[in-house]
Amino acid sequence: MFQRTAKVSDLSLLGEVPRNLDKNPCHFSLRTVITVFLLVSLVVTVTPVMIFWSLSSQAGLEKTTTTLYNSIINEIERFAGEFVRDATLILHENANLAKLNPLICSDEVEFLSLWKIMAAHTLSGNHKLFAATPTDVMTGAQSFPYTGFMNQGNSTGWAFIRCLFDPEPFIQESVCENWGLGYRPTLKDWFQLAVEYGFGVPIWTEPYTFVHGIGIGFTLAEAVPDPLSNSTLCAVFALDYDLSTLQAFFLSLSVGKTGWSLMFQSEGGTIIASGNENIPILINGTDMTSLWTLETEEARDIAEIFYSHFGSDVSTMLDFEGVFHYRGTVAGEAVDVTAKRTTFSETLGYWVMVSVVPCADYFTSQRQTLIITVCSAIGIVVLLGAIVVGASFYLTTPIKYVSRELEALSRLDERTLKKVNLGLTLHKDNRKKLALQEINSLEDSTESVRKMLASFGKYVPMEVVKWYLNGTSECKLGVRKRQCSIMFCDIEDFSHLTEVVPPEMMIALFTRFMDICHHAIQLENGIVDKIVGDEIMAVWGATVNIDNPDTSACNCAVRIQESLKELRKEHSHAGLPLLYARIGVASGEVLAGNSGSTDRFCYTVMGSSVNLASRLENLNKYYGSNILISETVYQNTFLPSVTAHLDFAARKLGTVVAKGMINGSGVYELLPVTKGDGNKEMCADFTRCTLLKEAKEFNECATGLQSLFDRYPEDRIIESAFKESQRLKSQKDAGEIDDNWSHVLHFNTKF
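K.L.:
Can you help me understand the overall build of the chain in this one?
P.N.:
Of the regular secondary structure elements, the chain holds 20 helices and 27 strands. Buried residues in the chain amount to 45% of all 751 residues.

Structure below.
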C-alpha cells in the first residue's frame, strides 16, 4: 500500500557537480598472499608423511574388512538361531498342556477347544500351532489372519472347519466355514516322524509347501504320551514356521552397499532364505529350489565358487568347518564371498550361510591406500589451512573492516550509520581488540567519524549531507526554484497535553508520534525539513525527483493517520492519552536551498505554497477535519488516469483565502479508502454539492446534502454543510442573498 519509488537524484541545484571517486585497480590483498604461501608450504610438507602413513595402514584395513564380513554371517546366525529356539520353546509350552489336563487325551470336545489356548501364542508370531490325535482329530490356530481350525470325521469323510477370530478383545469366535478338505494328519510326514522318534523329542521336517499352498516353511513336531499310561500316544503337537519372516530378515539385512545374503541346506542345497531376487526360494510358485540346479546367473556363479573350492561332489563338498572366504565373480561383478556351515538342531540338519559383497563396496587394499592417503592429506591440509586462514582473518580483518567502513561512510550508507552488521565487517563491539596499537587507533577514529555523521544526519536531510560529502567545495548560501509538495503535521491539543501529562510520559508520547511521522515520510521518499515544537514539516521534490510528489505527500498523510489510529487502540487498552494529528498539504513553486547567515545556515524551502500548507493544517480546527489539501494538490493527484488506483479520496469543503494570502484556494479533505466503505462515492457526491453551493444552486445543494446526511448521519462535516445549505436556501428565498454574495471564506486570524 502507498508504494512510490524515487528516481534520479537532482542535487545539482546546491552547488558543484560531485567529483568522480576513481578507484585504484584491484591488487592482491595481504590476506590472499599470506594464505596462499602458507597453504603451499603445508602441501609440500604433509604429502610425504601421508604416503608413509597409508603404506603402514594397509594390513590393518585388510583385517577390518574381514571382521566386517564375519559380522554379517554372525548376524544371520544369531537371527536364525533365535527363530529355532523360539519355535522349540513355544512347542514345548503347548505340549505340556496334555500333561496338565488328562481330559485332552480322552475327551474329544476338550481336545478340540485347545485352539483357543494356542491362539494366544499365534498373536505374537507368524506361525501356526496345532495338535492331532491318532484318530485324525485335529485342532489348532494360526496368525494373519487370526484363524482357529479343527478337523473332524472318520475314515470315509473329513471336514476341515475354519473359524476366524478377532484378537481385540481376545479370542472371540466369529464366522466359521467348512473348507470341505479331506485332511488326514496321521498320513503326514511330521506326524509319522514324531511318532518314529518317540515321546518328548522335537523333530524338524524338511522345508515344504504348506496345505492349500499357503506359505512354505518347516514343521516342528513332538509326540506326547497319555499322562495316565505314559506309553500310549495322546497326540502329536506341531508348529508350522513360515519362512516369510526369515526371508523378510534377509531382504532387510544391510550387506555393504549393494551386497546380499543367502542361506541353504548343506545336504541337497535347498534354498531357505535369499536376499537376492534372482535366487528365489520357489520355482513355479510351489516347488522349493536348489542352489545346485537353479539356472539363474547368480546361482550358477555361487555354485561354481563352491565347486572350485570343495570339488564337484555335492554330497560331501560342504562338510567344512569354520568360516570360508573367497574372492570371485558373480553376475560379472567382482565380489567377496563369506560362508559358514552350522546347525541349530540335530534333526534340522546343517545350513550354509553366505554373504556376497561387491568389491566396489569395500575398496581393495590398493585403492584404499590411495584414497586414504589423499583424503588424509587433504584433511590435514584443510585443518591446518583453516588455522592459517583463521590467523590471516584475525590479522587482516581490522584493516578490511576499516576500509569497508570508510567506504560505506563515504556513501553515507544508512545501515552502516546505524551500525547494523552486514556480514561484511566485524564491528568492534562484537569482537576483541587486537594488540596492534596503530590498527586500534585507526578503528577508534573511524568509529568517531561514524558517530559524528550519524548524529549529523539526524539534524540535516541525509541527501544534502551526501551531496556535500561527495563535493569538492564547502557548502554555500543559495537557493533555486523547485516544484515541491509540502506537508505540515502537528499534535492536536498539544499544549493541553503538556499541562496534564507528566514530562517523562510526554516525551515518550512525542517520540512515538515523531517516529510514526518520520517513518511515513521515509517510505514516501520525502525529507524532514524541520521540527518545531510538536510540528513537523516535510518536503517532496526538493532534492529527489519523484513521479508525483503530490501523490506521495497524500500517501504520507494517510499513512500517518492510519498509524495513529492503531496507536490509539494500543493507548486505549493501556490507559494512555490518545494522540490525534492535523495535517495540511500544499504544492507549488518554492525556493529550495541553503538560507541563513554567512556563518550559519540550514537547508529549507520557502514560498507561498509553504505558507498555505501551514494554514491548511491550522484550518482543520475550523472544519473539524484531519487532513486538508490545496486545490493544486487535488488537481495534480486526482487525475482521471490514476484515480482508480489511489487508496484515498477527497471532498471539497470550500474555497478560502488564508491569513496572509492574496489568492484563494480550494480546500479538500483527504479520506482513506478501503474496500466497501463507500468513501469514494461519498466524496464525489459531497464535492458536487459544494460546487452547487458555490454556483448559488442552494435548493439542489440542500437536496443532495439531505441524501448524504441520511446515509452518513455520524459525519459532522456533512451535518454542518447540510445545515448551512438550509440556511442559505432560506436566505435566498427571503431575498437576503444578492449578486455580490461570494462563497469564498476569508480568514484573517489563525485558529
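K.L.:
Teacher, can you tell me more about the packing of aromatic side chains here?
P.N.:
Remark: the centre distance and the inter-plane angle together describe each pair of aromatic rings, the angle taken between the planes. Applying the stated criterion across every chain yields a total of 24 aromatic pairs. Taking the centre distance of 5.5 Å and the plane angle of 65 degrees together, the rings of phenylalanine 344 and tryptophan 351 count as edge-to-face. Taking relative accessible area as the criterion, phenylalanine 344 reaches 21% and is therefore assigned partly exposed. Among the aromatic residues, ring-to-ring pairing joins Phe83, Trp204, Phe218, Tyr241, Phe344 and Trp351 into one connected group. The residue whose ring lies beneath arginine 341 is tyrosine 350, and the NZ or CZ to ring-centre distance is 3.7 Å. Lying over the aromatic face of phenylalanine 686, arginine 651 brings its terminal NZ or CZ to 5.1 Å of the ring centre.

K.L.:
What is the right way to look at the state of the cysteines in this model?
P.N.:
Disulfides are covalent bonds that link the sulfur atoms of two cysteine residues. One pass over the structure, following the stated rule, counts 1 disulfide. Between the sulfur atoms of cysteine 105 and its disulfide mate cysteine 234 the distance is 1.9 Å. Handedness of the cysteine 105-cysteine 234 disulfide follows from its S-S torsion of about -100 degrees: it is left-handed. Of this pair, cysteine 105 sits in helix 3 (residues 103-106) while cysteine 234 is found in strand 10 (residues 233-242), placing the two residues 129 residues apart along the sequence. In this structure cysteine 105 comes out as partly exposed when scored by relative accessible area, which is 22%. When its relative accessible area of 4% is taken as the criterion, cysteine 234 is described as buried. Considering cysteine sulfurs only, cysteine 689 is the nearest to cysteine 701, which forms no disulfide, with 5.3 Å between them.

K.L.:
What is the right way to look at the pairing of strand 22 (residues 581-596) in this model?
P.N.:
Side chains on a regular strand alternate between the two faces of the sheet. Of all the 16 residues making up strand 22, 13 are buried; the element is thus mostly covered by neighbouring parts of the structure. Sheet topology places strand 18 (residues 478-491) next to strand 22; 14 bridges connect them, and they run antiparallel. Pairing of cysteine 484 across the sheet is with glycine 588, part of strand 22. With 3 bridges joining them, strand 22 and strand 24 (residues 627-630) adopt parallel strand pairing. Of the residues in strand 24, the one forming a bridge with valine 585 is isoleucine 629. Summarising the sheet, strand 22 and strand 23 (residues 601-606) pair through 6 bridges and their orientation is antiparallel. From the neighbouring strand, leucine 591 faces strand 23, where its bridge partner is methionine 606. Connecting the antiparallel pair strand 22 and strand 23 is a turn made up of 4 residues.

K.L.:
Sorry if this is basic, but what is going on with the sheet that holds strand 11 (residues 260-265) here?
P.N.:
Hydrogen bonding along the main chain pairs the strands of a sheet, whether they run parallel or antiparallel. Spatial ordering of the open sheet is given by 12-11-17-16-15, a layout of 5 strands whose pairing is antiparallel. Each edge of the open sheet is held by one strand with a lone partner, namely strand 12 (271-274) and strand 15 (323-330). Averaged over all pairs of adjacent strands, the angle between their axes in this sheet comes to 20 degrees, without regard to strand direction. Pairing geometry for strand 16 (residues 333-343) and strand 17 (residues 350-358), over 9 bridges, is antiparallel. Following the sheet pairing, threonine 338 is matched in strand 17 by serine 355. The sheet contacts of helix 7 (residues 244-252) involve strand 11 and strand 12, and relative to strand 12 the element is tilted by about 40 degrees.

Thresholds applied
Residues numbered from 1 in each chain as written. Predicted model: local features only at pLDDT ≥ 70, side-chain atom pairs only at ≥ 80, totals over all residues. Heavy atoms only, no water. Helix = DSSP H or I, 4+ residues; strand = E, 2+ residues; numbered from the N terminus. Buried < 20%, exposed > 50% of the residue type's maximum accessible area, 1.4 Å probe, protein only. Phe/Tyr/Trp six-rings, centres within 6.5 Å; stacked < 30°, edge-to-face > 60°. Lys NZ or Arg CZ within 6 Å of the ring centre and 35° of its normal. Disulfide = S-S within 2.5 Å. Pairing = 2+ DSSP bridges. Axes fitted to C-alpha atoms, helices over the stretch in contact; angles between N-to-C directions. Contact = heavy atoms within 4.5 Å.

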